[in-house]
Amino acid sequence: MIDTSKGVDWLVEMLRRDQSPDGSWTYSFETGLSTDAYMIILLRTLEINDEKLIKGLASRILSRQEKNGAWKLFYDEREGNLTATVESYYALLYSGYYENKDNRLQAAKKFILSKGGIEEVSMFTKVMLSLTGQLKWPRFSPLPIEIILLPLNFPINFYSFSVYGRANLTPMMILADKKFTWKTDRSPDLSNLFVSRNHPDTWIRSNEVRSFFSFIEEGVKDLIGLPQNLHKLAIQRAKKYMLNHIEKNGTFYSYYSSTFLMIFALLSLGYKKTDPIITTAVNGIKSMKAEINGLPHMQYTTANVWNTSLIGYALQEAGILPEDKMILHANQYLLDRQHDKYGDWVIHNPNSLPGGWGFSNINTINPDIDDTTATLRSLSRMTGSNQDAWNRGINWLLSMQNDDGGWAAFEKNTDTKLFEFLPIEKAEFILTDPSCADITGRTLEFLGNYTNVPKEHETIKKAVKWLVDHQELDGSWYGRWGICYIYGTWGAVTGLAAVGVSNSDPSIEKATNWLRTIQYADGGWGESCYSDSKGKYTPLKASNLTHTAWALDTLISVSNSPTPEIRKGISYLMWNLQKEDWTTAYPMGQGMAGAFYIHYHSYRYIFPLLALAHYRRKFEA
């Protein structure tokens, strides 16, 4: 028998040590180098010469360069990533601390040209390059701004996109419409990064897109008013949308990218760079700075609520009493951050009161399903006056189930297929918020283990059916917000088990058999970020703590005794809890396949603690 007590005790003490005075855990939400590069570009463009920050960000970027001159999004990303390399090269030049004749920048340039040049970068980067004068804006807008005027009953409208899509597309539509550009005396010249001498319009427009645009134009024609007046109204509506969704710290939806774009959109509408809205927005994204290995990193957002809810839950699963000061403090922090405002979610769910939780400490209007269930798990053992908060959270959660039976991240029934006709790269990740296995499974796990919702309730039955219908042929499930098939399978299996699906059910057996086949010889599991862009499980060829914990927790939830695979996995965790190498810094979360990956600094503690706690409770008691 393996004694897990030492591992559990060590993890608990690490978490106790790291709790902040306000009761939260502020572990970094690390998203690569893009935000660091954009911060340098933003500060230099606005001529805010915060040299300490700029120099620190430039040092961090340079410290991550590969020997071949490229930058990567994740450790095993073959040669490197073109978009990340262009962004890093541009930021280092604009910082003023490095010149293009520097050997390291020369190596970066060589890599960029070998991969097709600046013409081949991602759409978001093209927007940034266009608004800072390095690329020409397209002859057409990637999305006509009049779409914001289309009524909700039109087949495609502003609210048929995901909230993340609206947050980023709103300022982008303004900028593309205005073809706004802002250069300074310090702006670098990136013309040497083009492979084609003609600098072609790289925003390609297909016949399908032309047809789609005609469709929207027909919808706009049905609106009452002259075309020029409608266009002006659309600009005003877009501006109002941004201003109405600014959080207290000045950020637009508490996201780095949307705030960055909003600042430039407001400049294009005539705002001065010294306007309080712009200066507050800049300070807001500055306030999200973290320090990693002695260097600054601009977080895309903060993860305080997510960290705190998961840690509060994991600690209690490990036997820490709800009366412990650490838990009391954490749960009070969470209770103080329950949403009481209506957000955009009400458009598709008009009959529910607010009651969810958001991801960051800044977020007051954009709750999500995953944070809500995670927070309610942490609060579930509390006694006292939190019944109202509990009821509001449960009611909001149940009201957000999609018509197809699953749950999405932020909104209800926001899964338009028309994005396929839009000239927007990664549109399925930017514009849609579909039901997904990880969130549907985790919601079922919460409802089954922490509420008295009957197992035969229609809500449960619909969700179970959705999961069974969306299982992959190999037995896994795709996880939308984590890496990737191990994550989705963990969510799905633990959810199905919690609502009474038998261990011998074919869907459970297929899933557990799949997990056994991908376990490594050292007892661990590991999955590559390539899984999401390839659309199939891709091994990392090295074990890591988080994937091992997810796989173990899955097997533990449906096993009556500790199988050889579980014993080997537990041994791997116990031997490697204090490990520090590239596997412990590998991204475990994703926002956009092939483009946006997240290293949660808290996961190496949370999920091993959960797996060990569940093993101990089930097999060591």
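Values in this document were obtained by computation on a predicted structure and should not be read as measured data.

Visitor: In this structure, what is going on with the overall build of the protein? I would like to understand it.
Guide: The number of helices and strands found in the protein is 24 helices and seven strands. The C-alpha atoms of the protein give a radius of gyration of 24 Å, which matches the 25 Å a tight globule of 621 residues would have. Taking the intrachain contacts of the protein between residues at least 6 apart in sequence as the baseline, contacts between residues at least 24 apart amount to 74%. Of the roughly 24200 Å² that the protein leaves accessible, carbon and sulfur atoms contribute 50%. Averaging the locations of the 64 positively and 66 negatively charged side chains of the protein gives two centres separated by 5 Å.

Visitor: What is the right way to look at the packing of helix α3 (residues 51-63) against helix α4 (residues 82-95) in this model?
Guide: The packing of two helices is summarised by the inter-axis angle and the distance between the axes. It is the contact of α3 with α4, at a shortest axis distance of 10 Å, that shows an interaxial angle of 145 degrees. Handedness of the α3/α4 crossing: left-handed. When α3 is examined against α4, the residues I54, A58, I61 and L62 are found in contact with a partner set consisting of S88, A91, L92 and S95. For the contact of α3 with α4, the per-class residue count stands at six nonpolar, two polar and no charged.

Visitor: What is the right way to read the packing of helix α10 (residues 256-268) against helix α11 (residues 276-286) from this model?
Guide: The contact between α10 and α11 brings their axes to 10 Å, and the two run at 160 degrees. Classified by the angle their axes make, α10 and α11 are roughly antiparallel. Two packed elements cross with a definite hand, and for α10 against α11 that hand is left-handed. Here Y256, T259, M262, I263, L266 and L267 of α10 come into contact with α11, specifically with I277, I278, A281, V282 and I285. Of the residues in the contact of α10 with α11, the class split is 10 nonpolar, one polar and no charged.

Visitor: Before we go on, may I ask you to explain empty space enclosed by the protein in this structure?
Guide: In this approach, a probe sized like a water molecule rolls over the atoms, and the result shows the empty space that is left. Overall, the coordinates contain three cavities of 30 Å³ or more when judged by the stated rule. Empty space within the largest cavity amounts to approximately 520 Å³. Every residue lining the largest cavity is counted, 34 residues in all, and those nearest its centre are Y255, F359, F410, W481 and Y600. Only α14 (369-379), β6 (589-592) and β7 (596-600) provide two or more residues apiece to the lining of the largest cavity. Tallied by class, residues from the lining of the largest cavity come to 19 nonpolar, 10 polar and five charged. In this structure, the second largest cavity occupies an estimated 70 Å³ of space. Elements supplying a minimum of two residues to the lining of the second largest cavity: α22 (545-557), β7 and α24 (603-620). Partitioning the lining of the second largest cavity into residue classes produces five nonpolar, six polar and one charged.

Visitor: Help me understand the sheet that holds β7 in this model?
Guide: Backbone hydrogen bonds hold the strands of a sheet together, and the pairing may be parallel or antiparallel. What the three strands build is an open sheet, ordered β1-β7-β6; its pairing is antiparallel. Taken across any chain shown, the strands that pair with only one partner, and hence form the sheet edges, are β1 (29-30) and β6. Summarising the sheet, β6 and β7 pair through three bridges and their orientation is antiparallel. Note on β7: the bridge partner recorded for G589 is I598.

Visitor: I'm lost on the packing of aromatic side chains in this one. Help?
Guide: The relation between two aromatic rings is expressed through the spacing of the ring centres and the mutual angle of the planes. A full pass over the atoms with the stated rule returns 42 aromatic pairs. Taking 5.5 Å as the distance between ring centres and 35 degrees as the angle between the ring planes, the aromatic pair formed by F252 and Y253 counts as tilted. Accessibility classification places F252 together with Y253 in one group, the buried group. Considering the side-chain rings of W490 and W550, the 5.9 Å spacing of their centres and the 20 degrees angle between planes classify their relative orientation as stacked.

Visitor: What is the right way to read α14 from this model?
Guide: Counted residue by residue, α14 has 11 buried out of 11 residues, so it is predominantly covered. By the burial criterion, the buried members of α14 are I369, D370, D371, T372, T373, A374, T375, L376, R377, S378 and L379. Sitting at the amino-terminal end of α14 is D368, which places a side-chain oxygen 3.2 Å from the backbone nitrogen of D370.

Visitor: Looking at this model, I keep getting lost on unusual backbone geometry. Mind explaining?
Guide: Most peptide bonds take the trans form, and the phi angle of most residues other than glycine is negative. Here I483 and C484 are connected by a cis peptide whose omega angle stands at -25 degrees. With respect to the helices and strands, the residue C484 is situated in the loop between α18 (458-469) and α19 (485-498). The backbone of N413 shows a phi angle near 55 degrees, a positive value even though the residue is not glycine. Positionally, N413 belongs in the loop between α15 (387-399) and α16 (427-430).

Visitor: Would you take a moment to explain the side chain of E247 for this structure?
Guide: Within the fold, E247 resides in the loop between α9 (227-244) and α10. Buried charge E247 goes without a salt bridge, the closest partner of opposite sign being K341 at 5.3 Å. For E247, the side chain forms a polar contact with the side chain of T364, separated by 2.7 Å. The contact partners of E247, leaving out residues within four places of it in the chain, are Y253, S254, I362, N363, T364 and I365.

Visitor: Is there a simple way to think about the state of the cysteines in this case?
Guide: Covalently bonding the sulfur atom of one cysteine to the sulfur atom of another cysteine gives a disulfide. Tallied over the entire structure, the rule returns zero disulfides. Of all cysteine sulfurs in the structure, the one in C529 sits closest to C484, which takes part in no disulfide; the separation is 8.3 Å. Overall, C484 belongs to the buried group, its relative accessible area being 0%. Residue C529 is classed as buried on the basis of its relative accessible area of 0%.

Visitor: Could you clarify how one ought to interpret the pairing of β7 in this entry?
Guide: Side-chain direction in a regular strand flips from residue to residue, so the side chains alternate between the two faces of the sheet. With five of its five residues buried, β7 lies for the most part within the structure. Neither face of β7 is left uncovered, since the one carrying F596, I598 and Y600 and the one carrying Y597 and H599 both have all their residues buried. Sheet topology note: the β1/β7 ladder contains two bridges and is antiparallel. Across the sheet, the residue bridging to F29 is Y600, located in β7. With antiparallel pairing between neighbouring strands as the criterion, β6 and β7 make up a hairpin whose turn holds three residues, including G594 at a positive phi of roughly 75 degrees.

Criteria and thresholds
- Residues numbered from 1 in each chain as written.
- Predicted model: local features only at pLDDT ≥ 70, side-chain atom pairs only at ≥ 80, totals over all residues.
- Heavy atoms only, no water.
- Helix = DSSP H or I, 4+ residues; strand = E, 2+ residues; numbered from the N terminus.
- Rg over C-alpha atoms; globule rule 2.2 N^0.38 Å.
- Contact = heavy atoms within 4.5 Å.
- Areas by Shrake-Rupley, 256 points an atom, 1.4 Å probe, with all protein chains shown as cover.
- Lys, Arg positive; Asp, Glu negative; His and termini not counted.
- Charge placed at Lys NZ, Arg CZ, Asp CG, Glu CD.
- Axes fitted to C-alpha atoms, helices over the stretch in contact; angles between N-to-C directions.
- Left-handed = near helix turned anticlockwise from the far one by under 90°.
- Nonpolar A, V, L, I, M, F, W, Y, C, P; charged D, E, K, R; others polar.
- Parallel < 35°, antiparallel > 145°, perpendicular 65-115°, else oblique.
- 1 Å grid on protein atoms, 1.4 Å probe; cavity = no way out; pocket = protein on both sides within 12 Å on 5 of 7 lines; lining within 4 Å.
- Points joined across faces, edges and corners; volume = space filled by probe spheres on them.
- Pairing = 2+ DSSP bridges.
- Phe/Tyr/Trp six-rings, centres within 6.5 Å; stacked < 30°, edge-to-face > 60°.
- Buried < 20%, exposed > 50% of the residue type's maximum accessible area, 1.4 Å probe, protein only.
- Polar contact = N/O pair within 3.5 Å; in protein donor to acceptor, adjacent residues only side chain to side chain.
- Salt bridge = Lys/Arg side-chain N within 4 Å of Asp/Glu carboxyl O.
- Disulfide = S-S within 2.5 Å.

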